[in-house]
Amino acid sequence: MSSETESATAGFLVWRLSMKWRVAVDRAVAPLGLTHAQYALMGSLHGLARSGLRPSQRQLADHTGLEPLYVSKLARALEASGLVARTRDPDDPRAMQLSLTDQGRDVTRRAIGVVQGLLDQMLEPLGGQDGPRARQFTRDLAALLDAPLDPHTENFEEQS
């Protein structure tokens, strides 16, 4: 651990790790014509489709943590590139369902392989993806993501 990170807050370290990851994924998937955000959307679509789901843009926004308007813009760009299909939801004509095209599935599979290689590199200091420290790290991250965080709660207002 560097002297800079030894005294850093957890919030700063989460920020730095997320930025390091985003930049690394951006660089890794760029040769496939994708950005990190596009990869996140397409990778999520891939996983949801494997579970038999065809999500709406709103459901995909909820799944990825991206803003619905941003998901809509990403989906339109990916549709224009021939990677994603957008169709009206038969149960809700206001909603658009998303799916990967054949080309989109191919690009996504290749991107997943590239990103898995990055994940191997990132988790190597914790004993690799299958190591007990990496599994605990994953559980800790999931716990943090599950914790409610509302900037309008009483605790935040008292500190202002």
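Residues numbered from 1 in each chain as written. Predicted model: local features only at pLDDT ≥ 70, side-chain atom pairs only at ≥ 80, totals over all residues. Heavy atoms only, no water.

On to the pairing of strand β2 (residues 92-100). Bridge count for strand β1 (residues 84-89) against β2 is 6 bridges, and the pairing is antiparallel. Bridging across to β2, Arg 88 finds its partner in Met 96. What sits between the antiparallel neighbours β1 and β2 is a turn of 2 residues. (Pairing = 2+ DSSP bridges. Helix = DSSP H or I, 4+ residues; strand = E, 2+ residues; numbered from the N terminus.)

Per-residue confidence for the chain gives a mean pLDDT of 90; residues scoring 70 or more make up 92%. Helix α6 (residues 102-123) holds the highest mean pLDDT among the elements of the chain, 96, whereas helix α8 (residues 154-159) holds the lowest, 54. (pLDDT = per-residue confidence, 0-100.)

Per the stated rule, a full pass over the model turns up 6 salt bridges. In this structure, Asp 26 and Arg 22 form a salt bridge, with 2.8 Å as the shortest nitrogen-oxygen distance. Linking Asp 26 with Arg 22, this pair stays in helix α2 (residues 10-29), spanning 4 residues, or about one helical turn. Arg 22 gets classed as partly exposed once you look at its relative accessible area, which sits at 34%. Of the charged contacts, one joins Asp 92 and Arg 94 as a salt bridge, the two residues approaching to 3.1 Å between their closest N and O atoms. Accessibility expressed as a relative area gives 23% for Asp 92, which makes it partly exposed. (Salt bridge = Lys/Arg side-chain N within 4 Å of Asp/Glu carboxyl O. Buried < 20%, exposed > 50% of the residue type's maximum accessible area, 1.4 Å probe, protein only.)

This brings us to α2. A rise of 1.5 Å per residue sets the reference length of α2, with its 20 residues, at 28 Å; its end C-alpha atoms lie 28 Å apart and thus fit the reference within 8%. All of the buried residues along α2 are Val 25, Ala 28 and Val 29. Considered in projection along α2, the buried side chains sweep an arc of 80° and stay on one side of the axis. Facing away from the buried side of α2, by more than 90 degrees, are the exposed residues Lys 20 and Arg 27. Those residues of α2 that are buried are in contact with α3 (36-50) and α6. (Expected span 1.5 Å × (residues − 1). Arc of directions from axis to C-beta. Contact = heavy atoms within 4.5 Å.)

The subject of this paragraph is the layout of surface pockets. Approximately 2200 Å³ is the volume attributed to the largest pocket. Of the residues forming the lining of the largest pocket, the biggest block, 11 residues, is contributed by α2. By residue class, the composition of the lining of the largest pocket is 27 nonpolar, 10 polar and 4 charged. (1 Å grid on protein atoms, 1.4 Å probe; cavity = no way out; pocket = protein on both sides within 12 Å on 5 of 7 lines; lining within 4 Å. Points joined across faces, edges and corners; volume = space filled by probe spheres on them. Nonpolar A, V, L, I, M, F, W, Y, C, P; charged D, E, K, R; others polar.)

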